[in-house]
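Summary of the model geometry
Residue strings, one per chain:
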Amino acid sequence: MTISEIQTLLNAEIICGEDKISQTVDRAFASDLMSDVLTLKSNQIMLITGLCNIQTIRTMEMADLNTVIFVRGKKVTEDMIDIARENDMIVLQTEYSMFRTAGVLWEAGIKPVF
Amino acid sequence: MMTFEYQVQPGDFTNAGFASSQVKKTLKQLNVDPAIIKRVVVALYEAEVNIVAHAHKGMIYVTVDNDKIAIKLEDEGPGIPDIDLAMTVGYSTASPHVREMGFGAGMGLPNIKNNVDYLNVKSEVGVGTTVELVVNF
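In this report, the structure presented in the accompanying data block is examined. Predicted model, so just to flag it, every value in this text is computed and none were measured.

Below, the discussion takes up the overall build of chain B. Helix and strand counts for chain B come out as five helices and five strands. Secondary structure elements of chain B, listed N to C terminal, follow the sequence β-α-α-β-β-α-α-α-β-β. On C-alpha atoms alone, chain B measures out to a radius of gyration of 14 Å, which is about the 14 Å that the 2.2 N^0.38 rule sets for 137 residues. When its C-alpha atoms are laid out on the principal axes, chain B stretches across 40 × 30 × 25 Å. Within chain B, the proportion of its 137 residues that are buried is 47%. Put simply, of all contacts in chain B between residues at least 6 apart along the chain, 63% involve residues at least 24 apart. As displayed, chain B has an accessible area near 6,600 Å², and 49% of this comes from carbon and sulfur atoms. Measuring between centres, the 11 positive side-chain charges of chain B sit 6 Å from its 16 negative side-chain charges.

Structure below.
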């Protein structure tokens, strides 16, 4: 599924990575605990999280994740966007809850990591 | 052989991960296998966050060889009274602030161990902790 399709399904805003909306995502992982994200063995999965701070972006950088959707209307700060851009990340933001976001994506065919 | 040093600012979650980010850039430039880079920087980042979360002074010393990377993290801080207990998944002494940042679930040291080829943790209560880790290329 493309980032563009995900944006439509979740009524999301693209905070950065507008030039990458044709990239595709097959799998996702939802967590507010970065320690869990750091144990993932797979790369290139979309992170769904309500934890919106600079360490979310740092965790993605270390875990080789390049797409995140911040749920529950969490606002992304400029210093987060700077690091996200530096690492060619795609950052989306939706007002939907984590449960709803995961449910919509599941129904649309996005697979879990485990 | 290349060596690098980074100072860690305890309590400063804005800059936590800076050293890990620099090491990642260096290893990418050296064309190290991305899967190995991930293991190195995940372990280093966990250890860096530990210093930010617990210590009051910290340094990171990185040595990159042709066949491996060796990292030593030295901090001055409360130390770890029981290292075996600290290595147990789920055991944590992290503050509520650290938990708000998405850490403090008692997974750091076990995750470091899972990602490295060698790990040595030395600690003295009230003095500080030294973590040495090696990842072979």
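Additional details are given in the paragraphs that follow.
With 23 residues of chain A at the interface, the matching set in chain B holds 24 residues. For the pair chain A and chain B, the summed buried surface comes to about 1,900 Å²; carbon and sulfur atoms form 52% of the total. Of all residues in chain A, Leu38(A), Gln55(A) and Met62(A) give up the largest surface area on contact with chain B, accounting jointly for 35% of the area buried on that side. Inspection of the chain A/chain B interface yields two salt bridges. When the shortest N-O distance is used, the salt bridge between Lys24(B) and Asp64(A) registers 2.7 Å. Here chain A is connected to chain B by 16 residue pairs in polar contact (both at pLDDT 80 or more). Taken together, the elements giving at least two residues each to the side of chain A that touches chain B come down to α2 (34-37), α3 (54-63) and α4 (78-86) of chain A. No other element matches α3(A), which puts seven residues into the side of chain A that touches chain B.

Moving on, we come to the sheet that holds strand β6 (residues 111-112) of chain A. Whenever strands of a sheet pair, they do so through backbone hydrogen bonds, lying parallel or antiparallel. All names here are of chain A. As summarised here, the arrangement of the six strands in space is β1-β5-β4-β3-β2-β6, forming an open sheet in which the pairing is mixed. Two strands in the sheet have a free side with no partner beyond their single neighbour: β1 (13-16) and β6. Relative to strand β4 (residues 67-70), strand β3 (residues 46-49) runs parallel, the two being bridged by four bridges. What sits directly across from Leu-47, in β4, is Val-68. Along the sheet face, α4 touches β1, β4 and β5 (90-93) and points at about 75° away from the line of β1. Helix α5 (residues 98-107) contacts β2 (27-30), β3, β4 and β6 of the sheet and is inclined by roughly 150° relative to β3.

A few words now on the sheet that holds strand β5 (residues 128-136) of chain B. Residue and element names in this part refer to chain B. Across the sheet, which stays open at both edges, the five strands sit in the order β1-β2-β3-β5-β4 with antiparallel pairing between neighbours. Edge positions in the sheet fall to β1 (2-8) and β4 (118-124), since each has one partner strand and no second. Between one strand axis and the next, the sheet turns through 10° on average, direction left out of account. Bridging between strand β3 (residues 68-76) and β5 involves nine bridges; their strand directions are antiparallel. By the bridge assignment, Ile-71 is partnered in β5 with Leu-133. Along the sheet face, helix α1 (residues 18-29) touches β1, β2 (57-64) and β3 and points at about 160° away from the line of β1.

So, on to the pattern of salt bridges. For side chains of opposite charge, pairing can occur when their charged atoms come near one another. Residues and elements named next belong to chain A. One pass over the structure, following the stated rule, counts nine salt bridges over all chains. Asp-19 is paired through a salt bridge with Lys-20; the nearest N and O atoms lie 3.3 Å apart. Relative accessible area serves as the criterion here: at 62%, Asp-19 is assigned to the exposed category. Judged by its relative accessible area of 14%, Lys-20 falls in the buried class.

How each quantity is defined
- Residues numbered from 1 in each chain as written.
- Chains lettered and ligands numbered in written order.
- Predicted model: local features only at pLDDT ≥ 70, side-chain atom pairs only at ≥ 80, totals over all residues.
- Heavy atoms only, no water.
- Helix = DSSP H or I, 4+ residues; strand = E, 2+ residues; numbered from the N terminus.
- Rg over C-alpha atoms; globule rule 2.2 N^0.38 Å.
- Buried < 20%, exposed > 50% of the residue type's maximum accessible area, 1.4 Å probe, protein only.
- Contact = heavy atoms within 4.5 Å.
- Areas by Shrake-Rupley, 256 points an atom, 1.4 Å probe, with all protein chains shown as cover.
- Lys, Arg positive; Asp, Glu negative; His and termini not counted.
- Charge placed at Lys NZ, Arg CZ, Asp CG, Glu CD.
- Buried area = accessible area lost by both parts, 1.4 Å probe.
- Salt bridge = Lys/Arg side-chain N within 4 Å of Asp/Glu carboxyl O.
- Polar contact = N/O pair within 3.5 Å; in protein donor to acceptor, adjacent residues only side chain to side chain.
- Pairing = 2+ DSSP bridges.
- Axes fitted to C-alpha atoms, helices over the stretch in contact; angles between N-to-C directions.

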